[in-house]
Amino acid sequence: MGEERVKAEALQILGLFQVLPRLVVFDLDYTLWPFYCECRSKRDSPSLYRHAKGIMFALKEKGIDMAIASRSPTPDIAKVFIDKLEMKSMFVAQEIFSSWTHKTEHFQKIQRKTGIPYKSMLFFDDEDRNIETVSKMGVTSVLVENGVNLDMFKLGLSNFATNFAASSTSINKKDINVSQKSDCYSIGDSPMLFRHAKGIMCALKEKGIAMAVASRSSTPDIANAFLDKLELQPMFVTKEIFDSWTHKTEHFQRIQMTTGIPYESMLFFDDEHRNFATVSKMGVTSVLVDWDGGVNLDMFKLGLNNFAAKFPASSIDHKDK
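Residues numbered from 1 in each chain as written. Predicted model: local features only at pLDDT ≥ 70, side-chain atom pairs only at ≥ 80, totals over all residues. Heavy atoms only, no water.

Visitor: Looking at this model, I keep getting lost on the packing of aromatic side chains. Mind explaining?
Guide: The geometry of an aromatic ring pair is captured by the separation of the ring centres together with the interplanar angle, meaning the angle of the planes. Enumeration according to the criterion identifies 7 aromatic pairs in this entry. Summarising the aromatic geometry, the rings of Trp33 and Phe35 are spaced 5.2 Å apart at their centres and angled 10 degrees between planes, so their arrangement reads as stacked. With respect to burial, Trp33 and Phe35 carry one shared label: buried. Take Trp33: its relative accessible area is 0%, and that puts it in the buried class. Each residue in the set Trp33, Phe35 and Phe81 is aromatic and connected to the rest through ring pairs, giving one cluster. Above the face of the Phe35 ring, Arg40 is positioned so that its terminal group lies 4.2 Å from the ring centre. (Phe/Tyr/Trp six-rings, centres within 6.5 Å; stacked < 30°, edge-to-face > 60°. Buried < 20%, exposed > 50% of the residue type's maximum accessible area, 1.4 Å probe, protein only. Lys NZ or Arg CZ within 6 Å of the ring centre and 35° of its normal.)

Visitor: Explain the state of the cysteines here, please?
Guide: A covalent bond between the sulfur atoms of two cysteines is referred to as a disulfide. Evaluated as defined, the whole model comprises 0 disulfides. Cysteine Cys37 shares no disulfide, and the gap to the nearest cysteine sulfur, in Cys39, comes to 9.2 Å. Cys37 gets classed as buried once you look at its relative accessible area, which sits at 0%. (Disulfide = S-S within 2.5 Å.)

Visitor: It is not clear to me how the sheet that holds strand 1 (residues 23–26) should be interpreted in this structure. Could you clarify?
Guide: Sheet strands pair via backbone hydrogen bonds, and the direction of the pair is either parallel or antiparallel. Across the sheet, which stays open at both edges, the 5 strands sit in the order 3-2-1-4-5 with parallel pairing between neighbours. Each edge of the sheet is formed by a strand with only one pairing partner; in this case those strands are strand 3 (93–96) and strand 5 (140–143). Pairwise comparison of adjacent strand axes, ignoring direction, gives a mean angle of 20 degrees for this sheet. Of the strand pairs in this sheet, strand 4 (residues 121–125) and strand 5 are connected by 4 bridges, and their pairing is parallel. Bridging from a neighbouring strand, Phe123 pairs with Ser141 of strand 5. (Pairing = 2+ DSSP bridges. Helix = DSSP H or I, 4+ residues; strand = E, 2+ residues; numbered from the N terminus. Axes fitted to C-alpha atoms, helices over the stretch in contact; angles between N-to-C directions.)

Visitor: Just checking my understanding: could you explain the pairing of strand 2 (residues 65–70) for this structure?
Guide: Successive side chains on a regular strand alternate, one facing one side of the sheet and the next facing the other. In terms of burial, strand 2 is a largely internal element, 6 of the 6 residues being buried. With burial as the criterion, each face of strand 2 is covered, one bearing Asp65, Ala67 and Ala69 and the other bearing Met66, Ile68 and Ser70. Bridge count between strand 1 and strand 2: 4 bridges; the pairing is parallel. Looking across to strand 2, one finds that Leu23 is bridged to Asp65. Handedness of the crossover joining strand 1 and strand 2 through helix 2 (residues 52–61): right-handed. (Right-handed = clockwise from strand over helix to strand, strands pointing away.)

Okay, here's the thing in structure tokens:
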């Protein structure tokens, strides 16, 4: 089965579930590829299990982050193989180092880098001791026998959905994948804002500072209906609300083309680390807000301070604000 066909089947499998993980973590040896790195040399030509790359392409298209957690004693060889297989850009974190902790340390580092809670992660590994230890951290973990494949992928997503349902009373809706969050609501619902949000927007409007929306929602019809109900439509000079795996680079390209405002004259608030990291690289001053608190006066002040420190007011043409 070719990569495109595997990708298509993996996308179909993803479509079966209303709740998806925000991060999928893979082991390397005998999970993504059928060998131990320490038994190979950098000169070798590595290959993956036949379903692995198609599954990763599907996850990337759905905007689901991926990471590596490997206890390989030869990280230099592993990284060379990742480069040869053109996989480096797939991963938001690569934790490849020998450890006796059975990957608790790997996941602690991944969690700190991404900001994604353990309960929002899905993990594939071929060693029972790693599965047992990481499961205790709250990560949905799947033991693979002959590498990751479509059957194991479906099992993992099914287990994740079951675990989420079992603890749904204690899990914040923002802990699940962003492409599914709007599916938790319908157009008939009555939305509400975080308590400081509207006051902040009214203050910005009074100061003549333009505002825009950049959302990766898969249900723009519901999002626009909520903006109408909250009487927010006139607040924004442009609204870019569409699903995308680019972590909002496309959203900001469209905003820049519509407004003519340079990226360095923009300030952005978001609750996802992957969007924060990507948009920051475009030159936009970006602030990561807490999931539970949203945008508030403290985050607003932090954003303005970061903007001022990065781009002194004396050097900005006021019309760019």
